[in-house]
Amino acid sequence: MAPVVDTLRLTAEEAKGLLERGELTAAELRGAYFDAIGERDPELHCYLRTTEDAEGEGVPIALKDVISTKGVETTAGSRILSGYVPVFDATVAARVKEAGLSLLGKTNLDEFAMGSSTENSAWGPSRNPWDPARVPGGSGGGSAAAVSAGLAPWALGSDTGGSIKQPSALCGNVGLRPTYGSVSRYGIVAFASSLDQIGPVGKTVRDVALLYSIIAGRDPRDSTTAELPEPVRLPEGDSLAGVRIGVPTELNEAEGIEPGVRDLVRRALDLAADLGAEVEECSLPRSVRYGLSCYYLIAPAEASSNLARYDGVRYGPRAEASSYQDMVDRTRDEGFGDEPKRRIMLGTYALSAGYYDAFYGQAQKVRTLLIREHREALGRFDVLACPTSPTVAFPIGERADDPLAMYASDILTIPSNLAGLPGLSIPCGLSDGLPVGLQLIGPQFGENGLFGVAHALEQALAFDTVPERLR
Amino acid sequence: MAISRDEVLHVARLARLALTDDEVERLTAELDKILEAVGIVAELDLADVPPTSHPLDLANVWDDDVPHDSLSVEDALANAPEVEDGLFRVPAWRQ
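The structure presented is a predicted model; accordingly, all values stated were derived computationally and were not measured.

Rules of the game
- Note that residues are indexed from 1 along each chain, following the sequence as it is written.
- Starting at A for chains and at 1 for ligands, labels are handed out in the order in which the entities are written.
- Local features in this predicted model are restricted to residues of pLDDT 70 or higher, and side-chain atom pairs are both shown and tallied only at a pLDDT of 80 or more, whereas totals for entire chains, interfaces and linings draw on every residue.
- We call two residues in contact whenever the C-beta atoms placed from their backbones are within 7 Å.
- Numbering of helices and strands runs from the N terminus, with a helix taken as a DSSP run of H or I at least four residues long and a strand as a DSSP run of E at least two residues long.
- Residue classes follow a fixed rule: Ala, Val, Leu, Ile, Met, Phe, Trp, Tyr, Cys and Pro count as nonpolar, while Asp, Glu, Lys and Arg count as charged, and any other residue, Gly among them, counts as polar.
- Each nonpolar core reported here comprises buried Ala, Val, Leu, Ile, Met, Phe, Trp, Tyr and Cys residues connected via C-beta atoms within 7 Å.
- Once C-beta atoms are placed from the backbone, each residue is buried if 20 or more other C-beta atoms lie within 10 Å of its own, exposed if 12 or fewer, and partly exposed for counts between those two.
- Note on pairing: DSSP must find at least two bridges between two strands before they are called paired.
- In this analysis an axis means a line fitted to C-alpha atoms, helices contributing only their contacting stretch, and an angle means the value between N-to-C directions, from 0 to 180 degrees.
- Note on terminology: angles under 35 degrees are roughly parallel, angles over 145 are roughly antiparallel, angles of 65 to 115 are roughly perpendicular, and the others are oblique.

A.B. asks: Can you lay out the interface of chain A and chain B for me, pointing to particular residues and giving the numbers?
C.D. replies: In this assembly, 56 residues from chain A lie in contact with 44 residues from chain B. Elements with a minimum of two residues in the side of chain A that touches chain B: helix H9 (287-306), helix H10 (324-335), helix H11 (338-351), helix H12 (357-380) and helix H13 (403-407) of chain A. Per element, the largest residue contribution to the side of chain A that touches chain B is eleven residues, and it comes from H12 of chain A. For the side of chain A that touches chain B, the per-class residue count stands at 29 nonpolar, 17 polar and ten charged.

Right under this line is the structure:
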């Protein structure tokens with residue numbers, strides 16, 4: 001008889017072991033996840049669709065619905081892509097399939113990955129497994145909530161301003177935004193091309209490292225990818241002797257950081273010192289003051305260009321109109337939700353004649369400053385540490401009508417994203433019963449270093465990733 | 001005001017969005033607030049700082065010039081709302 005699998009606790013690595021030792025069949029393992037999905041997804045709404053018939057004898061996986069999957073509807077959470085069935089796989093989807101991973105389904109997100117709560121999904125919000133009255137974060141809230149609720153052992157997300165790291169923090173699991181250029185974007189629904197990265201979400205740092213090793217590396221179909229300078233190493237040690245951790249004052253004392261979040265991050269850093277790390281304050285003087293503004297000019301500008309392709313001609317629904325021009329303009333107005341429209345408008349404005357230099361051009365120069373100050377800090381430290389999100393998961397609806405309040409959710413994840421650097425969020429405790437994420441930022445292609453530090457801390461923190469109400 | 005109603009209408013035309021009157025009104029107010037917030041980038045003197053378009057040090061990435069498979073016409077048209085004779089069909093261009 002097959003062992004009873006508790007999907008809430010099973011790591012991908014353990015699942016892989018069970019399959020390899022023949023203690024469980026792939027069908028039994030998938031069955032356990034579909035049972036969990038049947039039980040908990042009606043409440044949490046992590047999945048937009050499940051794929052019971054998918055092939056693969058390895059560990060199952062969930063993919064955020066910005067990742068093109070051949071023959072499986074891919075909407076990016078938008079009405080304008082409803083009914084769109086890709087005729088090819090994204091490179092990351094192909095790579096997980098080649099590794100034998102089987103698809104459980106496509107996970108919910110803010111429309112076009114624009115948001116910090118999944119409330120912008122055209123198909124309704126996902127809910128946080130720790131407290132269903134609260135958001136799971138976003139844009140990849142579906143992937144993060146699915147992993148925490150035992151509805152997938154691991155998942156892929158995409159991160160432009162924090163869409164992997166922030167939901168992982170709010171759901172109490174591990175999320176990696178890899179170095180810009182380390183993972184292919186071929187076949188990904190594009191949002192902001194100088195920022196978008198695909199990355200893994202899992203229960204443990206080792207799971208995340210393992211999944212990263214499957215998807216990372218140059219892709220001839222994406223000219224913005226690079227070969228990794230060294231192979232991915234699964235972390236093992238529990239010492240931080242000799243590791244230099246920089247604690248940027250601005251990112252640890254920013255306005256809006258909740259006391260509970262600040263205290264838990266401080267405790268995690270004290271623990272790092274106990275494990276042998278040298279923990280020292282440092283400064284990223286412009287990252288908090290200008291990062292968010294820089295991002296909200298560059299990302300919408302790129303989005304306005306990327307989203308120009310949705311014209312009712314090649315895919316998606318089409319609005320009725322007697323002329324081509326009216327058809328395009330109406331299709332776009334009816335198909336896009338409020339947040340994409342806001343960003344298309346903002347980006348078009350920032351790129352328009354007369355405003356380009358003052359807004360978009362200036363933001364690109366600010367980006368250079370942020371890259372320089374991160375490089376300077378990472379010349380002195382191996383990793384930088386700060387909270388991932390200034391707050392714990394917030395109630396559904398709380399920021400939905402205030403775009404600027406929603407944008408501020410990513411104030412701590414955005415600076416290193418603009419610099420193209422890898423960032424890893426690991427859970428470091430509970431504040432009022434809700435998870436808090438510690439963000440670790442490394443140098444370009446410094447993922448192995450991040451995994452090592454995060455794994456050692458993870459062992460010492462011994463955070464229980466299973467939501468209290470589901471234990 | 002950072003942005004006027006007329007400017008919003010102009011930008012909507014550039015962005016190919018047939019906004020409703022309600023949307024124009026709401027977006028004018030929202031964009032005004034957002035532009036005021038992001039406008040703080042103007043306070044930095046960056047005359048000597050080069051712009052960054054992309055955070056990865058890559059230029060001129062070449063691929064071997066060998067033919068490979070591409071989408072069939074059938075696949076390329078598979079998701080189109082309207083197709084005729086192997087082509088995307090659209091309403092007539094407004095004269």
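Moving on, there is more to tell.
A.B. asks: Residue-level account of the nonpolar core, with values.
C.D. replies: Counting 155 residues, the largest nonpolar core has Ile61, Ala146, Ala152, Ala155, Cys294 and Leu297 of chain A as its most contacted members. Broken down by element, this core gets its largest block of residues, eleven residues, from H9 of chain A. Leu297 of chain A has contacts with Ala350, Phe359, Tyr360 and Ala363 of chain A together with Val38 and Val41 of chain B, leaving out every residue within four places of it along the chain.

A.B. asks: Quick rundown of the pairing of strand S11 (residues 434-441) of chain A? Include the residues and the values.
C.D. replies: Residues and elements named next belong to chain A. A large share of S11 lies buried, amounting to eight of its eight residues. Relative to S11, strand S9 (residues 383-387) runs antiparallel, the two being bridged by four bridges. Looking across to S11, one finds that Leu384 is bridged to Ile441. Pairing analysis gives eight bridges linking strand S10 (residues 423-431) to S11, with the strands arranged antiparallel. Looking at the pairing, Ser425 lines up with Gln439 of S11.

A.B. asks: Quick rundown of the sheet that holds strand S3 (residues 102-107) of chain A? Include the residues and the values.
C.D. replies: Residue and element names in this part refer to chain A. Strand order in the open sheet formed by eleven strands is S1-S3-S2-S4-S6-S5-S10-S11-S9-S7-S8, with mixed pairing between adjacent strands. Looking at which strands have only one partner, the edges of the open sheet turn out to be strand S1 (47-50) and strand S8 (278-282). The sheet shows a mean angle of 30° between the axes of neighbouring strands, taken without regard to direction. Packing of helix H4 (residues 141-148) onto the sheet brings it into contact with S1, strand S2 (60-64), S3, strand S4 (154-159), strand S5 (174-177) and strand S6 (197-202), and relative to S4 it is tilted by some 155°. Across the sheet, helix H15 (residues 447-461) is in contact with S9, S10 and S11; its angle to S10 comes to roughly 15°.

A.B. asks: For the environment of Val87 of chain A, give the residues involved together with the corresponding values.
C.D. replies: Residue and element names in this part refer to chain A. For Val87, the location among the structural elements is in the loop between S2 and helix H3 (91-98). Since 16 C-beta atoms lie within 10 Å of it, Val87 is described here as partly exposed. Distance in space between the C-alpha atoms of Val87 and Asp274 is 53 Å, their sequence separation being 187 residues.

A.B. asks: A description of unusual backbone geometry should follow, citing residues and the corresponding values.
C.D. replies: Residue and element names in this part refer to chain A. In this structure, the amide linkage connecting Gly138 to the following residue, Ser139, adopts the cis form with an omega of 10°. Within the element layout of this structure, Ser139 appears in the loop between S3 and H4. Although it is not a glycine, His45 sits at a positive phi angle of roughly 55°. Looking at the secondary structure, you find His45 in the loop between helix H2 (26-44) and S1. Notably, Ala76 is not glycine yet its phi reads approximately 55°, a positive angle. Assessed through the 30 C-beta atoms surrounding it within 10 Å, Ala76 is described here as buried.

A.B. asks: Would you mind going over the packing of H9 of chain A against H11 of chain A in detail, with residue names and values included?
C.D. replies: For any two helices packed against each other, one specifies the crossing angle of their axes together with the interaxial distance. All names here are of chain A. Taken N-terminus to C-terminus, the directions of H9 and H11 make an angle of 100°; their axes are 7 Å apart at the nearest point. The orientation of H9 with respect to H11, classified from their angle, is roughly perpendicular. Residue-level inspection shows Leu297, Pro300, Ala301, Glu302, Ala303 and Ser304 of H9 in contact with H11, the latter providing Arg343, Ile344, Leu346, Gly347, Thr348, Ala350 and Leu351. Class assignment for the residues of the contact of H9 with H11 results in eight nonpolar, three polar and two charged.

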